[in-house]
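Secondary and tertiary structure notes
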Amino acid sequence: MPTALVTGITGQDGAYLAALLLDKGYRVVGLARRSASADMVSERLRWLGIRDRIEIVDGDLLDLASLIRIMKAVEPDEVYNLAAQSFVAASWQQPILTGQATGMGVAHMLEAVRIARPAARFYQASSSEMYGLIQEKVQSEKTPFYPRSPYAVAKLYGHWMTVNYRESFGLHASSGILFNHESPLRGIEFVTRKVTDGVARIKLGMTNTLSLGNLEATRDWGHARDYVKAMWLMLQQDTPDDYVVATGRTTSIRDLCRIAFSHAGLNYEDHVTTSAALIRPAEVEVLLGDPGKAKQKLGWQAETTLEQMIAEMVDADIVRHQARAGAPVAPIPAGVSGI
Ligand code: NDP
Ligand code: GDP
């Protein structure tokens, strides 16, 4: 039975990847940082019904010693580094922490692998945000990067460190340049989930408006359940490499709203307002990926359409809120709902 170590196990992708690996017969060990709310942090794993099948070890990407100890104790065959401060908007509020976790954390992980488990295969969760101010209309593995946020700058460091450790030390280290991917388990601060949660609240009469920022930006959105398959496929290749993972379709926030509200029989124009406070200091206006290499070399392609995914998310958010019915519904705290 192969062993996989997954950092970021409490996040969206950690949950879907863990479910995939368990299905494939892996022993799955998740790295999680200590929390005062330990009973809450495994919520996504519980939602997928897999919490009891995963071993959790305490560690933090900021603490290299913990990573080396874990690498020695767990002896993973595959390491998936998904942990990060992953929210672009928060990276302007906490640029140093973002650099430490999202950037330097990758160097810590690579060092831990190099020192304690050099034969393990390594996956780095890189991001389409690295393209930022896009240099080509459709972004591929060959497109130059131009990061536009402290998050993207940190991801770029992690990406190049992964390439460098592959070339310098022969690690089987691959970098997945994943475009935005969402699901009912997406953090509520990201725009897709903020919209589907807003639709659910409006549909259930809990509120009547949803305040957003830039409606004209476009993203290439796929489903996290599809995208974690690409991560796994990368580590099954004889040779490590970098791959864009995307759908090849880009959609504006405005059209996302149209799709989500109409799924619930609503018109977004009756409910969506815009707030200047939600405009970012520097925006990534367009992202559109070319998944050609992933299709050709990994045999991977996106399976879920945006419409299917948004319908799944809206339905899940309605069920969540209905399940809480009877109990007063707390407003989303400002620091969470803001971008
Ligand atoms: P989430 O924000 O849902 O999860 C992030 C995870 O990282 C959480 O488990 C979090 O733990 C953990 N984490 C944060 N800081 C540390 C730390 N210092 N030490 C250990 N763990 C830490 O992200 P996603 O699942 O959506 O994304 C997974 C990865 O893929 C991230 O690296 C993200 O940047 C990247 N990515 C995501 C894309 C997307 O569209 N989803 C697109 C491209 C890249 P805790 O629960 O304790 O906060
Ligand atoms: P990102 O691509 O990783 O930054 O993912 P997000 O889901 O956070 O943002 C995607 C796009 O939606 C960005 O261009 C944001 O500016 C835009 N956007 C517009 N309104 C909002 C909002 O209220 N919240 C968030 N998170 N993004 C918004």
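One can find the structure itself at the top, above this paragraph.
Now for a look at the structure at hand.

The rules behind these values
Residues numbered from 1 in each chain as written. Chains lettered and ligands numbered in written order. Predicted model: local features only at pLDDT ≥ 70, side-chain atom pairs only at ≥ 80, totals over all residues. Heavy atoms only, no water. Helix = DSSP H or I, 4+ residues; strand = E, 2+ residues; numbered from the N terminus. Rg over C-alpha atoms; globule rule 2.2 N^0.38 Å. Buried < 20%, exposed > 50% of the residue type's maximum accessible area, 1.4 Å probe, protein only. Contact = heavy atoms within 4.5 Å. Areas by Shrake-Rupley, 256 points an atom, 1.4 Å probe, with all protein chains shown as cover. Lys, Arg positive; Asp, Glu negative; His and termini not counted. Charge placed at Lys NZ, Arg CZ, Asp CG, Glu CD. Core = buried A, V, L, I, M, F, W, Y, C linked by side-chain atoms within 4.5 Å. Near = heavy atom within 4 Å. Polar contact = N/O pair within 3.5 Å; in protein donor to acceptor, adjacent residues only side chain to side chain. Nonpolar A, V, L, I, M, F, W, Y, C, P; charged D, E, K, R; others polar. Axes fitted to C-alpha atoms, helices over the stretch in contact; angles between N-to-C directions. Left-handed = near helix turned anticlockwise from the far one by under 90°. Pairing = 2+ DSSP bridges.

Let's shift gears to the overall build of the protein chain. Across its full length, the protein chain carries 13 helices and 13 strands. For the protein chain, whose C-alpha radius of gyration is 19 Å, the value lies close to the compact-globule estimate of 20 Å for 339 residues. If one aligns the C-alpha atoms of the protein chain with their principal axes, the spans along those axes are about 55 × 45 × 40 Å. When burial is assessed residue by residue, the protein chain has 54% of its 339 residues classed as buried. Intrachain contacts of the protein chain at a sequence separation of at least 6 include 81% that bridge at least 24 residues. Surface summary for the protein chain: the accessible area is close to 14500 Å², and the carbon and sulfur share equals 51%. Positive and negative side-chain charges in the protein chain, numbering 35 and 37 respectively, have mean positions lying 2 Å apart.

All right, on to the side chain of R219 then. By secondary structure assignment, the location of R219 is in strand β9 (residues 218-219). If we skip the residues at most four places from it in the chain, R219 touches E129, N180, R249, T250, T251, E283, V284, E285, V286 and L287.

Looking now at the nonpolar core. Core analysis: the biggest nonpolar cluster contains 36 residues, and L17, L21, V28, Y80 and Y123 have the highest contact counts within it. It is helix α9 (residues 224-235) that provides the largest number of residues to this core, a total of 9 residues. Not counting chain neighbours up to four residues away, the residues in contact with Y123 comprise V79, Y80, N81, L82, S174, G176, L178, M231, M234 and L235.

Right, let's talk about the site of ligand 1 for a bit. Taken together, 24 residues surround ligand 1, and among them T10, D13, S86, Y151 and H181 come closest. G11 has a polar backbone atom sitting 3.1 Å from an oxygen atom of ligand 1. Within the backbone of D13, an N or O atom sits 2.8 Å from an oxygen atom of ligand 1. For ligand 1, the protein covers 88% of the area, taking 900 Å² as the surface of the free molecule. For the shell around ligand 1, the secondary-structure elements that each account for two or more residues are α1 (12-23), β5 (121-127) and α7 (150-169). Considering each element in turn, the shell around ligand 1 owes the most residues, 3 residues, to β5. In terms of residue class, the shell around ligand 1 is made up of 10 nonpolar, 9 polar and 5 charged.

A word on helix α4 (residues 64-74). Among the residues of α4, those classed as buried are S66, L67, I68, I70, M71 and V74. At its buried positions, α4 is contacted by β1 (3-7), β2 (27-32), β3 (55-58), β4 (78-81) and α6 (95-116). Of the residues trailing α4, E75 is marked for its positive phi of about 50°.

This part takes up the packing of helix α8 (residues 191-203) against helix α10 (residues 253-263). Axes are the key here: two packed helices are described by the angle between their axes and the distance separating the axes. The geometry of α8 relative to α10 is characterised by a closest axis approach of 10 Å and an angle of 35° between their N-to-C directions. Here α8 and α10 pass one another in a crossing that is right-handed. On the side of α8, the interface is formed by V191, T192, V195, V199 and I202, while α10 contributes I253, L256, C257, A260 and F261. Broken down by class, the residue content of the contact of α8 with α10 amounts to 9 nonpolar, 1 polar and no charged.

Reading across from one edge, β3-β2-β1-β4-β5-β6-β11 is the order of the 7 strands in this open sheet, with parallel pairing throughout. Both edges of this open sheet fall to β3 and β11 (242-245), since each of them pairs with a single strand only. Across the sheet, the mean angle separating the axes of adjacent strands is 20° when strand polarity is ignored. For β5 and strand β6 (residues 172-178), the ladder comprises 7 bridges, and the chain directions are parallel. Looking at the pairing, F122 lines up with A173 of β6.

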